[in-house]
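# Coordinates in review
Now for the letters of each chain:
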Amino acid sequence: MPKDRFECLQDPSGRWMVWDHTTGEAARLGGIELRNQDKHRSEIARDILRRIFKTGLHAKAAKRGC
């Protein structure tokens with residue numbers, strides 16, 4: 001398994017997605033599945049997810065019911 005949980009992958013059509021190695025499926029941000037993006041948008045979303053999970057903000061939001 002890669003060192004990072006989130007990775008940008010290019011699909012056969014040339015579009016990009018953010019893959020979540022923990023769940024084994026496309027990552028989600030704000031309830032939106034991160035597929036069919038251009039490379040730049042995928043990289044930005046991946047970096048946001050990495051920061052959220054590194055700082056523990058996902059756990060704080062879950063406790064508040066967000």
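In this report, the structure presented in the accompanying data block is examined.

What counts and what doesn't
Residues numbered from 1 in each chain as written. Predicted model: local features only at pLDDT ≥ 70, side-chain atom pairs only at ≥ 80, totals over all residues. Heavy atoms only, no water. Salt bridge = Lys/Arg side-chain N within 4 Å of Asp/Glu carboxyl O. Helix = DSSP H or I, 4+ residues; strand = E, 2+ residues; numbered from the N terminus. Buried < 20%, exposed > 50% of the residue type's maximum accessible area, 1.4 Å probe, protein only. Expected span 1.5 Å × (residues − 1). Arc of directions from axis to C-beta. Contact = heavy atoms within 4.5 Å. Polar contact = N/O pair within 3.5 Å; in protein donor to acceptor, adjacent residues only side chain to side chain.

For the structure shown, the criterion picks out 4 salt bridges. A salt bridge links aspartate 20 to arginine 5; its shortest N-O distance comes to 2.8 Å. One end of the pair, aspartate 20, is in strand β2 (residues 16–20); the other, arginine 5, is in the segment before β1 (6–10), with 15 residues separating them in the sequence. Its relative accessible area of 5% is what places aspartate 20 among the buried residues. Overall, arginine 5 belongs to the partly exposed group, its relative accessible area being 27%. A salt bridge links arginine 46 to aspartate 47, with the shortest nitrogen-to-oxygen separation between them at 3.1 Å. In this structure arginine 46 comes out as buried when scored by relative accessible area, which is 17%.

Moving on, we come to helix α1 (residues 39–55). Given a rise of 1.5 Å per residue, 17 residues ought to cover 24 Å, and the 24 Å separating the end C-alpha atoms of α1 matches this to within 8%. Looking only at α1, the buried set comprises Ser42, Ala45, Arg46 and Leu49. Down the axis of α1, the sector holding all buried residues measures 105 degrees, keeping them to one side. α1 presents His40, Arg51 and Lys54 as exposed residues on the side facing more than 90 degrees away from its buried surface. Tucked inside the fold, the buried residues of α1 contact β1, β2 and β4 (28–29). Capping the start of α1, aspartate 38 holds a side-chain oxygen 3.2 Å from the backbone nitrogen of histidine 40, two or three residues further along.

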